[in-house]
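As a plain string of letters, each chain reads:
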Amino acid sequence: DTEVTQTPKHLVMGMTNKKSLKCEQHMGHRAMYWYKQKAKKPPELMFVYSYEKLSINESVPSRFSPECPNSSLLNLHLHALQPEDSALYLCASSQSLGTGQPQHFGDGTRLSIL
Amino acid sequence: DAKTTQPPSMDCAEGRAANLPCNHSTISGNEYVYWYRQIHSQGPQYIIHGLKNNETNEMASLIITEDRKSSTLILPHATLRDTAVYYCIVRVESGATNKLIFGTGTLLAVQP
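All of these numbers come straight from a predicted model, not from anything done at the bench. (Residues numbered from 1 in each chain as written. Chains lettered and ligands numbered in written order. Predicted model: local features only at pLDDT ≥ 70, side-chain atom pairs only at ≥ 80, totals over all residues. Heavy atoms only, no water.)

A. Summary view of the overall build of chain B. Secondary structure assignment for chain B yields 0 helices and 9 strands. Its helices and strands in sequence order give chain B the pattern β-β-β-β-β-β-β-β-β, from N to C terminus. Computed over the C-alpha atoms, the radius of gyration of chain B is 13 Å, within 12% of the 13 Å expected from 2.2 N^0.38 for a compact globule of 112 residues. Along the longest, intermediate and shortest principal axes, the C-alpha atoms of chain B span 45 × 30 × 25 Å. (Helix = DSSP H or I, 4+ residues; strand = E, 2+ residues; numbered from the N terminus. Rg over C-alpha atoms; globule rule 2.2 N^0.38 Å.)

Okay, here's the thing in structure tokens:
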């Protein structure tokens, strides 16, 4: 069982749809992350939030829009995605940046773009 | 972050120790070695990390060579549930960033 909860587990959407991925943790962590993982590849970092502020954007296209409304919740808003955006989207959290605390991952949302 | 090199795959018999190697020859003095694993259809799971000294927890042991250019993750009694991709990552501990850069990892297959 994971302490980072991601919903939905699966999502199928068309290229013109708008949808959101949700991530929640109740461990009191103040850093949260989005990763993208293509099939048979390692996870790649997309965004890092620290104390609800965006700390790192790894040059992610603007069709992906992150939001951190509070310390427990992280959203990823999706709009006008392309078929190549189909992937597993992973959320993670850690106590804070650079404290030596490991990142805890959710089990991801598997996204398919038609 | 330093690059790591791991064998793409390994087999291990159930009940035996699994020793997973990792080379990180360009590691610098303040970079930690982290190990994660990813079981099929799940998110990555933290296993262990260390800087210079060997470390042990309830899941595994981490042996880091004296020159810190390589390390070995040891699962003392592998079970079928340990079949997963194991990632070795070196990362700078810094307040500015907390980036995990995953390599391609080692697919460990535990055989009955």
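So, next bit.
B. Structural detail: the sheet that holds strand S5 (residues 55-56) of chain B. All names here are of chain B. With respect to topology, 4 strands assemble into an open sheet ordered S2-S7-S6-S5, the strand pairing being antiparallel. The sheet is open, and its two edges are formed by strand S2 (18-23) and S5, each paired on a single side. In this sheet, strand S7 (residues 70-75) lies alongside strand S6 (residues 61-64) in antiparallel orientation, the contact comprising 4 bridges. Counterpart to leucine 62 in the pairing with S7 is leucine 73. (Pairing = 2+ DSSP bridges.)

C. Seen up close, the packing of aromatic side chains. Evaluated as defined, the whole model comprises 11 aromatic pairs over all chains. Geometrically, the ring pair formed by phenylalanine 105 of chain A and phenylalanine 102 of chain B is edge-to-face, given 6.2 Å between the ring centres and 75 degrees between the ring planes. With phenylalanine 105 of chain A in strand S10 (residues 104-105) and phenylalanine 102 of chain B in the loop between strand S8 (84-92) and strand S9 (106-111), the pair connects residues from two separate chains. Exposure class is identical for phenylalanine 105 of chain A and phenylalanine 102 of chain B. Each is buried. Ring pairs connect the aromatic residues Tyr33, Tyr35 and Phe105 of chain A together with Tyr32, Tyr34, Tyr36, Tyr46, Tyr87 and Phe102 of chain B, which therefore count as one cluster. (Phe/Tyr/Trp six-rings, centres within 6.5 Å; stacked < 30°, edge-to-face > 60°. Buried < 20%, exposed > 50% of the residue type's maximum accessible area, 1.4 Å probe, protein only.)

D. The arrangement of the nonpolar core in detail. In terms of nonpolar packing, the biggest core is built from 22 residues, with Trp34, Phe64, Leu76 and Leu78 of chain A touching the most fellow members. Within the residue set of this core, elements represented by two or more residues are strand S2 (10-13), strand S3 (18-25), strand S4 (31-37), strand S5 (44-50), strand S7 (64-70), strand S8 (73-79), strand S9 (87-94) and strand S11 (109-113) of chain A. Apart from the residues within four sequence positions on either side, leucine 78 of chain A is in contact with Leu11, Met13, Asn17, Lys18, Lys19, Leu21, Arg63, Phe64 and Leu111 of chain A. Judged by nonpolar contacts, the second largest core, of 21 residues, contains Ala18, Ile48, Ile64 and Tyr86 of chain B. (Core = buried A, V, L, I, M, F, W, Y, C linked by side-chain atoms within 4.5 Å. Contact = heavy atoms within 4.5 Å.)

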